[in-house]
Amino acid sequence: MSEKEYIYFPGCSLEASAIEYDMSVRKVLTSLGVKLIEPDDWSCCGSTPAHSVDHVFAAAVAARNLAIVEKMGACTVITACPACLSAFKKAHHRMKKEEGFKKEVNAILDEPYNCGVTAKSVLQVLLEDIGPKAVAEKVTTDLPDLKVAPYYGCIINRPPEIMEFDDPENPLAMDKLMGAVGVKVCDFAFKVECCGAAFGVAKRKMVNELSSKVLTMALDAGANCLVVTCQLCQQNLDLRQGQINSTMGASFNMPVLFFTQVMGLTYGYSSQEMGIDKHNVNAESLIKSRRPVEERIKEEQEKAKGKKPKAKKAEEEES
Amino acid sequence: MNKNLLNFFGGGVILKTFVYPKESYMEPINLTEKTDWRFIDQVKKESGQDPALCYQCGNCTAGCPYTKYFDFPVSQVMRLLQAGQKETILNSRSIWLCATCEACTTRCPCEIDIAHIMDVLRIIARRENYVAEKDVKTFYDAFLASMKHHGRVFEVGILMGYNLKSGHLLADADLGPKILGKGKIHFLPTRIKGRDKVLEIFRKSQKKRKNSV
Amino acid sequence: MRVGVFICHCGNNIAGTVDVAKVAEAARMMPGVAFATTYMYTCSEPGQEEIKETIKREKLDRVVVAACSPRMHEVTFRRTVEKAGLNRYFFEMANIREHCSWVGEDKALNTNKAIETIKLAVEKVKQNKPLFPAKFKINKRVLVIGGGVAGMQAALDCADGGLDVVLVEKSSSVGGMMARLDKTFPTVDCSICILGPKMVDVSQHEKINLHAYSEIEEIKGYVGNYQIKIRKKATYVDWSKCTGCGACIEKCPSRNAYDYFNFGVAPARAINIPFPQAIPKKATIDAQFCRQFIKGKCGVCAKFCPVGAINYEMKDEIVTEDVGAIIVASGYGLIDLDKLPEYGGGRYPDVISGIQYERILNASGPTSGHIERPSDHAEPKTIVFVSCAGSRDKSIGIPYCSNFCCMYIAKQAILTKDHIPDSQSYVFYIDIRSPGKGYDEFTRRAQEEYGAKYIRGRVSRIYPKGKKMVVKGADTLLGTQVEIEADLIVLATAVTATNDARTLAEKLHISYDQNGFYVESHPKLRPVETNTSGVFLAGACQGPKDIPASVSQGSAAAAKVLSIFSKDTLESDPQIARVNTNVCVGCRKCIGTCPFGAIEEQQLRDGRIVANVIETVCAGCGICSSTCPCGAIQLQHFTDNQLLAEVNALCLT
């Protein structure tokens, strides 16, 4: 496999409370032959608080990192965090479109940004640059008990003119990747409904209510696990699941995994290596039935042999 | 009566009809005198969006997951903006509870970036000192303070700063045991080399704005 | 040469920002001008009388009227000067209104511009040559494209008026969209009951020649003399033998053909008659789904046909018809459900379009008039109607209103209550558009007598929850979000141009707007004519409209055709290109650039090949004139010399 290099922006939470996302992204991309380089001395993208204070300021704190990437001679930066992605894309688009805005932003930056960097999500890279076929080739393990509902969260695909990836109403990137690694995907209607976003600390009950809707719809869809691509969603749905249960008087017990963790498991990594033990709701019961792919292929072959004579008879009858 | 509690259970209509009948919401608005044209222009300029394009179809409200918690659903905020009702808008809680989830912007048939307008209203509210949801502002301030000092965000520091300033001393204390011992919490911040450069960005930006952060 | 200049005040329209007296004074000084005056409203009857008198009195031989745009009154004034004995092309109009007084506020600048505009016109009129229209015979037969209600009305009116009509219909039966409806608003008449007699009249009228399951292949010619090539598509059934008994349909093993008539509500057989009242009632095989064509093995219908009408070897046939005028009544399309992903269109079976619901309501439809949900065939109790599903939506490129959805939703809500008395219908609307006679009363009836709940607000999302579908909308009058758990959802999908509208327009040389609807000559005053003479419009192909409007337009188009055919010959416009064969070098560049194919090669007696303009086809666009490297081909009334005279007047004096 050819070595692909990407500048990878982890973002503040992936170094701390969402460290398992970072772990799984790195391991999975390394398995696929991708080399990740962090931008030198990157800073926080600003996320929700920055754009709630001032738009020039928000674009500047985001564009500072884009300027670093530009200086490194690269024209693409990838990140797993949708908030960072949104900050980068919004800053880039507006600076590219409005010359006046670009001047204002560069005036408060240490290094100017020249609109030369495209930001992409890890999800997009896996789906488009690497492709489901290459993703499927590395699979060594089946997870037969897992029935996932892919939950994308509200901002990774919206608004479509800025985020430029996947359908904003019925995105299919995770569905396709999960299908590629052989995991059963449930048709889930709440793929892009907001989980409560950054209000977890200040408006806890509101977030619990919104998150509970996602969990309910996942259960309705027949899933026993949610896969996510946003660590804030993961935190609201998993770490706060106890809070959700007490606020709503419910008894949810649904693990919430990052899609890269599921991919890593199918590649043969252990739960520890994927950081699954760092989650709140335990996923082990769904994972422990994992087995090598060869076992399933053998079983299917035996079944097919048993069916063969019957199949011939049916064909003869038809004609 | 706890205003927050009532609103929480969707009692906004009840509130406005029975509990606070004297509030300006139900009084006839003299549009000749009370339309703040300058405010409409200001929002137009800062957001780059034209509120006249809105034909009040309600699609944004229909898809907004936060409507339940708003005092004015988002299409009504747009209507208030069209009517130039600056005080009502800036005093509202809606603008602080919008999560910028972009559902409205994605579905608006008139191609208005509504989430952006809500953001701009929130920015103007902060600038002019209207803060209907103090805890939300406190959280943002704690986040930005952390960013200002370290260049990156120090999660434990934010939580501590928020708890102290908001007075909710035990907020999310129940999560502590669930997250400790898993290597997910650092007790010391990561300070980047260029944190003075980040600080400069804060300073230069503050020079242009009224409210410091 | 004695040129007369008449400057119009046009009330205050011109005189308000132009000093007309000063302009007249300046005009009198222009070389060649024998007389100049101002008048309040030159286009009025006394105004025209004044011009005629002055021409006789002052012995004028050229006339310039400085007034509004020639698009308004050039024809009027040409007729005036002709009545006074001059050739009508010795007349020029100087536009000092739309191009001058209406553009600026500065009186001095405007007056100066008016004077210069008149100077140009005077110099041009001095160069004008007398032109005489040619007369040509017309073929008093008319082609009607489209067998829907508008097309049928046009065909019947023309035929009753004594003309031979060729009616071409794309599908295997006439009737169009109206034949699919269950009932019509506001009378709740049974649609096929009122349409049926028209369909029968059309098929039985001795003057109407119906080509069903046919499309227009090629159109050549010009008004009065068109040669039309019609492609009669292969039905694989010999219609001269087929009796419409339906035995083939019962036995056909291919059960998953797309049913075009029913908009896919239920699958059809590969051999099919679209509906019981179809005219012609003949079967057609859809080769895409027929096993005989896909696998080469079947032949069941041929076995069971009692008259041996099946013919798998049938080929398309091209038929030629000569006509003198064309009426286009090709109808409309609807957007696909999958263009509305937030509503789950195309993804969830219980989200259907208005026309699909109409077929479910229809007693001769796939469910025999029983209202049932596509997913489990259960009777729905809660039905939600969503207006403006795609219409008035800039973000998907359909900014316009689709005209009749508000009305048919009210109708469907009423019919639903009739069919299922314990049902509850909800209608999400932004506005209710009910302008016709009895229309508003009808929509009120739906709400007052039939219990439909109208909710003002749009729907943002529809998703499944168990067996029901959750509709998330807004009630802007209440100021809240609303949710309804529905059994069935009907989307009033947006009206669009048909998917081959643009190709047909190109064959006809008519214009279409950015939405694909055909462009009329004037939106207010000439709604059924196009800018291509001889081609008329009727019905929804010109823009979404309801049945009475379509029928009116059908009759109107027929009247236009009957009026051009009231004479035996037509006059051609002499403002066309002409070749000076002495100068033409035969390079043939003009032939290549003519968009109308109006120029042909001609061999002169001395053997030279030169260009020749077919007078009756040339539309007078002038492209050839600018292409010609030696100025041999000139657009009459806009020759190089005439135009240069104008330029020189402005730049050299």
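Quantities reported herein were computed from a predicted structural model and do not represent experimental measurements.

**Remarks on the overall build of chain C**
Along its length, chain C carries 18 helices and 32 strands. Expressed along its principal axes, the backbone C-alpha trace of chain C runs to roughly 90 × 70 × 40 Å. In chain C, which comprises 653 residues, the proportion classed as buried is 53%. Taking the intrachain contacts of chain C between residues at least 6 apart in sequence as the baseline, contacts between residues at least 24 apart amount to 69%. A total of about 29,000 Å² of accessible surface is found on chain C, and carbon and sulfur atoms cover 50% of it. Computing the positive centroid from 78 side-chain charges and the negative centroid from 71, chain C places the two 2 Å apart.

**Quick word on helix α4 (residues 37-47) of chain B**
Given 3.6 residues per helical turn, the α-helix brings residues three or four places apart onto the same face. Residue and element names in this part refer to chain B. Along α4, the positions that sit buried rather than exposed are Phe39, Ile40, Val43 and Ser47. Seen along its axis, α4 keeps its buried residues to an arc of 100 degrees; they face one direction. More than 90 degrees from the buried face of α4, the exposed residues found are Trp37, Arg38 and Lys45. Tucked inside the fold, the buried residues of α4 contact α6 (74-82), α7 (86-90) and α10 (114-127). One or two residues past the end of α4 sits Gly48, with phi positive at roughly 70 degrees.

**So, the environment of Leu210 of chain A**
Assignment of secondary structure puts Leu210 of chain A in helix α9 (residues 204-220). Between the C-alpha atom of Leu210 of chain A and that of Glu70 of chain A, which follows or precedes it by 140 residues, the distance is 39 Å.

**What to know about the interface of chain B and chain C**
Taken together, the 19 residues of chain B in the interface contact 19 residues of chain C. Interface area, chain B with chain C, both sides summed: about 1,500 Å², of which 49% is carbon and sulfur. Together, Tyr55, Ala62 and Arg107 of chain B form the three largest contributors to the area buried by chain B at its contact with chain C, with a combined 33%. Linking chain B to chain C there are 0 salt bridges. At the junction of chain B and chain C, the tally comes to 11 residue pairs in polar contact (both at pLDDT 80 or more). For the side of chain B that touches chain C, the secondary structure elements donating two or more residues are α5 (59-63) and α6 of chain B.

**A word on the pattern of salt bridges**
All names here are of chain C. One pass over the structure, following the stated rule, counts 65 salt bridges over all chains. The residue Glu217 makes a salt bridge to Arg231 at a minimum N-O spacing of 2.8 Å. Placement of the pair is Glu217 in strand β11 (residues 214-222) and Arg231 in strand β12 (residues 225-232), with a sequence separation of 14 residues. One salt bridge in this structure joins Arg588 and Glu601, with 2.7 Å as the shortest N-O distance. Here the residue Arg588 occupies a position in the loop between β29 (577-579) and α16 (589-593), and Glu601 occupies one in strand β30 (residues 599-603), the gap between them amounting to 13 residues. The exposure class assigned to Arg588 is partly exposed, which follows from its relative accessible area of 38%. Among the charged side chains, a network of salt bridges with common partners joins Arg141, Asp164, Lys207 and Glu321.

**Focus on the sheet that holds strand β15 (residues 317-323) of chain C**
All names here are of chain C. Taken together, 3 strands build an open sheet; the order of strands is β11-β12-β15 and the sheet is antiparallel. Bordering the open sheet on either side are β11 and β15, each of which pairs with just one other strand. Taken pair by pair, the neighbouring strands of this sheet meet at an average axis angle of 20 degrees, ignoring direction. One ladder, built from 8 bridges, connects β11 with β12; its direction is antiparallel. Note that in β12 the partner of Ser214 across the bridge is Lys232.

**Here we look at the side chain of Thr184 of chain C**
Residue position: Thr184 of chain C is located in strand β8 (residues 183-184). Discounting residues that sit within four places of it in the chain, Thr184 of chain C has contacts with Met178, Asp189, Ser191, Ile194, Lys411 and Ile547 of chain C.

**Things to note about the environment of Cys60 of chain B**
Residue and element names in this part refer to chain B. The residue Cys60 is located in helix α5 in this model. With 14 residues separating them along the chain, Cys60 and Glu46 place their C-alpha atoms 21 Å apart. Once you skip the residues sitting within four places of it in the chain, Cys60 turns out to touch Val74, Ser75, Cys104 and Ile114.

**Structural notes on the sheet that holds strand β21 (residues 453-456) of chain C**
All names here are of chain C. Reading across from one edge, β18-β25-β19-β20-β21 is the order of the 5 strands in this open sheet, with parallel pairing throughout. Each edge of the open sheet is held by one strand with a lone partner, namely β18 (351-353) and β21. Taking the axes of each pair of neighbouring strands and ignoring which way they run, one obtains an average angle of 25 degrees across the sheet. Bridging between β18 and strand β25 (residues 488-493) involves 3 bridges; their strand directions are parallel. Directly across from Val351, in β25, lies its bridge partner Ile489. Strands β18, β19 (382-389) and β25 of the sheet are contacted by helix α11 (residues 354-361), whose axis makes an angle of about 90 degrees with β18. Running over the sheet, helix α12 (residues 405-419) touches β19, β20 (424-429), β21 and β25 and is turned about 175 degrees from β19.

**Quick notes on the state of the cysteines**
Two cysteines whose sulfur atoms are joined by a covalent bond form what is called a disulfide. On inspection of all chains with the given rule, the structure shows 1 disulfide over all chains. Disulfide partner of Cys190 of chain C: Cys193 of chain C, at an S-S distance of 2.4 Å. On the sign convention where negative means left-handed, the S-S torsion of about 75 degrees between Cys190 of chain C and Cys193 of chain C marks this disulfide as right-handed. Judged by relative accessible area, which is 25%, Cys190 of chain C ranks as partly exposed. Cys45 of chain A takes part in no disulfide bond, and the closest cysteine sulfur to it belongs to Cys84 of chain A, at a distance of 3.7 Å. On the basis of relative accessibility, which here comes to 5%, the residue Cys45 of chain A falls in the buried class. Cys628 of chain C takes part in no disulfide bond, and the closest cysteine sulfur to it belongs to Cys630 of chain C, at a distance of 4.0 Å.

Conventions used here
Residues numbered from 1 in each chain as written. Chains lettered and ligands numbered in written order. Predicted model: local features only at pLDDT ≥ 70, side-chain atom pairs only at ≥ 80, totals over all residues. Heavy atoms only, no water. Helix = DSSP H or I, 4+ residues; strand = E, 2+ residues; numbered from the N terminus. Buried < 20%, exposed > 50% of the residue type's maximum accessible area, 1.4 Å probe, protein only. Contact = heavy atoms within 4.5 Å. Areas by Shrake-Rupley, 256 points an atom, 1.4 Å probe, with all protein chains shown as cover. Lys, Arg positive; Asp, Glu negative; His and termini not counted. Charge placed at Lys NZ, Arg CZ, Asp CG, Glu CD. Arc of directions from axis to C-beta. Buried area = accessible area lost by both parts, 1.4 Å probe. Salt bridge = Lys/Arg side-chain N within 4 Å of Asp/Glu carboxyl O. Polar contact = N/O pair within 3.5 Å; in protein donor to acceptor, adjacent residues only side chain to side chain. Pairing = 2+ DSSP bridges. Axes fitted to C-alpha atoms, helices over the stretch in contact; angles between N-to-C directions. Disulfide = S-S within 2.5 Å.

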